[in-house]
Amino acid sequence: MFALKDYQQKALTTLDGFFYKLRTGGLDAAWLTCAPLHEKNGQSWQAKYDPTALGDVPAVCVRIPTGGGKTFLAAHAVAQAGKTLRDTAAPVALWLVPSDAIRSQTLAALSTPRNPCREALTQHFGEHVRVCALDDLATVGPQEVGNSAIIIVATIQSFNVKDKTIRTVYSFDESLAPHFQALTPQQEIRLGKVTEADIAAQPYLTVADLGRVKASLANWLTLHKPIVIVDEAHNNRTEQAFRTLRELHPACLIELTATPMPDSNVIFHVGAQALANEEMIKLPIVLMEHKTGWKDAV
């Protein structure tokens, strides 16, 4: 079993403390208790929590250098957030990445036996875990929800669009209909309904479907209040992206990036020295100037 590095364990402990305090004392108390202190010129202060991104959805960031094991750390964080914040051993998580290439890499890391990231999931969930792409979500049966952890890996571009009729994630999908039976009024109010624009885009829908809860991938996620992991989060901090995430009604958002934006709520910061202490930086980095042209530099 691949062991957590000291800085990874400390990051997870901080996140877990934040989620515990969130349930018992609310967002303000959780941030004040867990957010780091900054020091300069003998002065210390704590950054204020910025609520503008996702409103009342708790959103925090772990700043971790490239090569620090973000995927491995996030695999453990999903289980911790599920247990402490959602009170479940079978959470639903939406894992967002910036590109199709990284999506493929992440899917492989979380799915391949003996990969440290897959082992992290197995450590918490045993064999009761499903890792899938958006296109495979239709193969997840209603009986699996609540019995297995379900982790969907996707790009933010799959959701991030103003005209929802041009994205399949918002389209009506009859194969998902069994997941939307016996909804409560509280559940229905959060879910998107069939509109005239949907009927125009999907001709098999009729006027009789107007106002019906849409059996869509986006609604499936909204129904289960996912834990959202955002890898390389600095690439996705636009108002459109935040609006998209808010509409999914996530339980929380955990950002992981080496270069957080000024308004990111950094709850834990991993420095380069921490990686060096754990021998995560294998070789010295030597910079040398080449004055004879770019070809020599390459």
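None of the values given here were measured: they were computed from a predicted structure.

J.: In this structure, what is going on with the environment of V270? I would like to understand it.
T.: Mapped onto the fold, V270 is located in the loop between β9 (266-269) and α10 (272-277). Separated by 207 residues in the primary sequence, V270 and R63 have C-alpha atoms spaced 5.9 Å apart. Other than its neighbours up to four places away in sequence, V270 contacts Y7, R63, I64, P65 and L275.

J.: How should the sheet that holds β9 be read in this particular structure?
T.: Each strand in a sheet pairs with its neighbour through backbone hydrogen bonds, running either in the same direction (parallel) or in the opposite one (antiparallel). Across the sheet, which stays open at both edges, the seven strands sit in the order β5-β6-β4-β7-β8-β3-β9 with parallel pairing between neighbours. Each having just a single partner strand, β5 (129-133) and β9 make up the two edges of the open sheet. Going from strand to strand, the sheet's axes swing by 20° on average, the running direction of each strand aside. The pairing of strand β4 (residues 92-97) with strand β6 (residues 149-155) spans six bridges and is classified as parallel.

J.: Which parts of the structure should I look at to understand unusual backbone geometry?
T.: When glycine is set aside, most residues are seen to have a negative phi, and most peptide bonds are trans. With a phi angle near 55°, N41 is a residue other than glycine that sits in the positive phi range. In this structure, N41 sits in the loop between β1 (37-40) and β2 (43-46). Accessibility expressed as a relative area gives 73% for N41, which makes it exposed. The phi dihedral of K225 is positive, around 45°, even though this residue is not glycine. Here K225 shows up in the loop between α8 (217-223) and β7 (227-231).

Calculation criteria
- Counting restarts for each chain: residues are numbered from 1 in the order of the written sequence.
- Given that the model is predicted, a residue must reach a pLDDT of at least 70 before its local features are reported, and side-chain atom pairs must reach 80 or more before they are shown or counted; all residues, however, enter totals for whole chains, interfaces and linings.
- Computation of side-chain values: all heavy atoms of the structure, hydrogens and water removed.
- Secondary structure elements are taken from DSSP: a helix is a run of H or I of four residues or more, a strand is a run of E of two residues or more, and numbering for both begins at the N terminus.
- Should any heavy atoms of two residues lie within 4.5 Å, those residues are counted as being in contact.
- Pairing between two strands requires that DSSP report at least two bridges joining them.
- Axes here mean lines fitted to C-alpha atoms, for a helix over just the part in contact, with angles spanning 0 to 180 degrees between N-to-C directions.
- Burial here depends on accessible area, computed with a 1.4 Å probe over protein chains only, as a share of the maximum for the residue type. Under 20% is buried, over 50% is exposed, and the range in between is partly exposed.

Distances and angles like these do not, on their own, reveal function.
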